[in-house]
Every structure is written in C-alpha cells, then in structure tokens.
Amino acid sequence: MLRHQDYALRSRIIVTEYPDRLVFESAGSFFEGDVTDYALSERTPQRYRNRFLADAMVNMNMIDTMGYGIRMMFQAQRRRFQAMPDFDLSRPDGVRVTVHGRIIDPNYTALLMEKKELPLKSVVLLDSVQKQRPISREEASVLRREKLIEGRYPNIYVAAHVATRTDDKAAYIRNRAFDDGHYKKLVVNYIKQYGVATRHEIDGLLMDKLSDILSWSQKKNKIRNLLSVMSKKDATIRNTGSGRRSNWVLNLDKKDNI
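The model shown is predicted, which means the values in this text are computed figures rather than measured ones. Residue positions are counted from 1 within each chain, in the order its sequence is given. Since the coordinates come from a predicted model, pLDDT governs what is reported: local features require at least 70, and pairs of side-chain atoms require 80 or more to be given and counted, while whole-chain, interface and lining totals use all residues. By convention in this description, side-chain values take in all heavy atoms of the structure and omit both hydrogens and water.

1. Points about the overall build of the protein
By definition, any uninterrupted DSSP run of H or I lasting at least four residues is a helix, any uninterrupted run of E lasting at least two residues is a strand, and each is numbered from the N terminus. Summing up its helical and strand segments, the protein has 10 helices and 8 strands in all. For each residue, the accessible area found with a 1.4 Å probe, counting protein chains only, is set against the maximum for its type, and the residue is called buried under 20%, exposed over 50%, and partly exposed in between. Counting all 258 residues of the protein, 38% fall into the buried class. A sequence separation of at least 24 residues applies to 53% of the contacts in the protein between residues at least 6 apart. Accessible surface for the protein amounts to roughly 15400 Å². Of this, 50% is attributable to carbon and sulfur atoms. For this analysis, residues touch if any pair of their heavy atoms sits within 4.5 Å. Calculation of accessible area relied on Shrake-Rupley with a 1.4 Å probe; when residues are assessed, cover is drawn exclusively from the protein chains displayed.

2. Quick look at the nonpolar core
In this structure, Phe74, Leu126 and Leu143 are the most contacted members of the largest nonpolar core, which totals 25 residues. Contributing elements (two or more residues each) for this core: α1 (35–39), α3 (69–79), α4 (106–114), α5 (120–130), α6 (137–145) and β6 (155–158). Leave out the neighbours within four places in its chain, and phenylalanine 74 touches Val35, Ala39, Met84, Pro85, Phe87, Leu120 and Val124. Within this scheme, the nonpolar core is defined by two criteria: the residues are buried Ala, Val, Leu, Ile, Met, Phe, Trp, Tyr or Cys, and they are joined through side-chain atoms within 4.5 Å.

3. A short note on the packing of α3 against α5
In this analysis, axes come from line fits to C-alpha atoms, helices being fitted only over the stretch in contact, and the angle between any two N-to-C directions falls in the range 0 to 180 degrees. Two elements in contact, α3 and α5, have axes whose closest approach is 11 Å; the angle formed by their N-to-C orientations is 75°. Judged by the inter-axis angle, α3 sits roughly perpendicular to α5. Taking contact as the criterion, the partners of Arg71, Phe74, Gln75 and Arg78 in α3 are, on α5, Leu120, Val123 and Val124. Three categories are distinguished: nonpolar for Ala, Val, Leu, Ile, Met, Phe, Trp, Tyr, Cys and Pro, charged for Asp, Glu, Lys and Arg, and polar for the others, with Gly belonging to the last. Taken together, the residues that form the contact of α3 with α5 break down as 4 nonpolar, 1 polar and 2 charged. Should an angle fall under 35 degrees it is called roughly parallel, over 145 degrees roughly antiparallel, and 65 to 115 degrees roughly perpendicular, with every other angle called oblique.

4. Description of the packing of aromatic side chains
Centres within 6.5 Å make a pair out of two Phe, Tyr or Trp rings, where for Trp the six-membered ring is used; the pair is then stacked when the planes are under 30 degrees apart, edge-to-face when over 60, and tilted otherwise. Considering all chains together, one arrives at 2 aromatic pairs under this definition. Consider the rings of tyrosine 190 and tyrosine 194, whose centres lie 4.7 Å apart with planes at 45°: the pair is tilted. Of the two residues, tyrosine 190 and tyrosine 194 are both situated in helix α8 (residues 180–194); the distance of 4 residues between them amounts to about one turn of the helix. The cationic tip of arginine 21 hangs over the ring face of tyrosine 18; the distance from NZ or CZ to the ring centre is 3.8 Å. When the NZ atom of lysine or the CZ atom of arginine is within 6 Å of a ring's centre and also within 35 degrees of its normal, the charge is said to sit over that ring.

5. As for the layout of surface pockets
For the second largest pocket, the calculated volume is near 330 Å³. Contributions of two or more residues to the lining of the second largest pocket are made by α1, β3 (86–88) and α5. The biggest single contributor to the lining of the second largest pocket is α5, with 5 residues. Partitioned by chemical class, the residues of the lining of the second largest pocket number 10 nonpolar, 2 polar and 7 charged. Every definition here rests on a 1 Å grid over the protein atoms only: cavities are sets of points where a 1.4 Å probe fits but cannot get out, pockets are open sets enclosed by protein on both sides within 12 Å along at least five of seven lines, and lining residues have some atom within 4 Å of a point. Grid points are joined across faces, edges and corners, and a volume is the space filled by probe spheres set on the points.

6. A word on the pairing of strand β1 (residues 14–18)
A regular strand carries its side chains on alternate faces of the sheet. Judged from the 5 bridges that link them, β1 and strand β2 (residues 21–27) form a sheet pairing that is antiparallel. Residue pairing for β2: threonine 16 is matched across the bridge by valine 23. Any two strands with at least two DSSP-identified bridges between them are counted as paired. Hairpin connection, β1 to β2: the antiparallel pair is bridged by 2 residues.

7. Regarding helix α9 (residues 199–206)
By the burial criterion, the buried members of α9 are Ile202, Asp203, Leu205 and Leu206. With its buried residues spanning 160° around the axis, α9 presents them on a single face. Across α9 from its buried face, at more than 90 degrees, point the exposed residues His200 and Gly204. Packed against the buried residues of α9 are α8, α10 (216–233) and β8 (248–250). Within this analysis, the arc is defined by the directions that extend from the helix axis to the C-beta atoms.

This is how it looks when you write it as structure tokens:
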C-alpha cells in the first residue's frame with residue numbers, strides 16, 4: 001500500500017483490527033487495472049504511483065519485484081482455508097481492504113481443505129458464492145461441472161462436502177468459529193460453579209476454545225467484547241472488582257433466568 005498511496009492527499013494508512021477481520025485503508029484510488037487480474041497472475045503492474053519509493057523498498061528487500069503482493073494475499077487466505085480479501089474501490093479517493101479471520105460458510109472451508117489443488121480462479125468464484133455475490137452463468141457452469149456448487153442459478157450455494165482426512169477434520173475444528181452464545185454459556189456455567197471469575201480465569205477458560213484463525217490479541221479483544229455485551233446489553237453478569245482486578249459475578253436480577 002505504501003508504494004501505491006496518493007501522498008498528495010496528505011493522509012496515512014489506517015489499520016483497524018476487529019475480532020474477526022483486519023481492515024486497511026489507503027488514500028488514493030486503485031492505481032492500475034483490476035484486483036482479480038493481479039490475484040490470478042494475469043497482470044503485473046506496469047508502473048507505480050510512487051516509483052522512487054517502490055525502487056527503494058525493493059533494494060531494501062521489503063517487497064518483491066514482480067508485483068505479486070495481491071496474489072500473495074489471496075494465496076495466504078487460501079492456505080488458511082479462509083475467505084478471500086475484499087477490495088472496496090467504491091471511493092475515488094481511497095482503497096479499503098478487508099482480510100477476513102472467521103469462517104463465513106463451513107462448506108467453503110471444508111472444500112478448500114478437501115481440494116487443496118483447486119485452481120485459485122475457482123476458489124475466488126466460490127468465495128463470491130459464499131458471500132452471495134453474483135457470478136456469470138458460464139462461471140457457475142464451470143463450478144457445477146466440478147461439483148463445487150449446488151442449487152438452481154442464480155440461487156446457488158457452495159456444495160456440502162465432508163472432510164475425510166483426520167488432519168483436515170482437526171484443522172476444521174480448530175478453525176471454526178462458534179456462535180457467541182456458546183462462549184457466553186461457558187462463562188455463565190463457570191461463574192455458577194465457582195461463584196466468581198477473574199478476567200485471567202475467563203481468558204484461561206476461552207482462549208483455547210476460540211478459533212485458531214484469530215491471533216492472540218484478537219482472542220483477547222474477542223473476550224473483552226464478549227464480557228462487555230454480557231454485562232451491558234445482556235446484563236447477565238457484572239464486575240464487582242476495581243482497577244485492573246476484575247471479579248465477574250452473576251447479575252442477581254438475572255440469576256434465576258440464566
């Protein structure tokens with residue numbers, strides 16, 4: 001993003017971290033061509049908005065010299081059995097890139113685990129299907145011949161496949177994301193049993209149960225957001241501690257209904 005940013009706009013690259021995704025925002029329009037062309041190696045950039053900066057970064061081994069950055073992003077997500085990155089080019093003065101860290105459609109994830117040699121072009125099309133974005137009838141026909149989709153066009157969806165290899169099953173379990181209700185129930189049951197729970201104890205309870213797709217800091221943020229919802233919106237628990245020492249207990253008004 002550094003070598004493509006429009007520095008005349010006097011802006012900066014913004015990185016926002018959410019529990020399930022990273023969002024990058026850069027000033028300036030997408031400089032040249034189409035995102036998918038770069039992802040599928042059908043095009044390499046002919047020029048850069050900031051040529052001097054690009055050359056300097058190449059000389060310092062900070063970036064590659066062939067312009068494969070977008071393709072590398074797509075390939076990395078594929079190796080993690082994750083959704084493809086989303087490029088929002090709707091603003092003429094900025095580019096917004098979202099890198100997903102959660103499972104959108106379990107069937108898509110299972111397919112990537114089962115068919116590791118699937119062409120990237122097919123993966124990109126399947127990603128559009130799981131996100132309920134339109135693809136052409138011809139593209140749908142290609143996916144159907146490979147038994148990758150089901151349904152009647154245009155109401156198609158990713159075909160249901162079951163991972164058969166033991167390591168694929170284990171990876172799927174580690175990477176899947178449970179509904180928040182599952183984690184809330186674990187917290188409530190813990191407090192019911194022990195009367196009180198510190199943040200350290202709740203971290204120990206949930207950290208290894210959250211999706212392995214999430215980083216350590218993302219898991220911490222996920223737990224913090226979960227406790228916030230449980231105490232404010234749900235009002236099922238409350239913090240009786242002070243300062244950095246949290247002591248979570250069941251809310252007496254809700255205790256009988258939990």
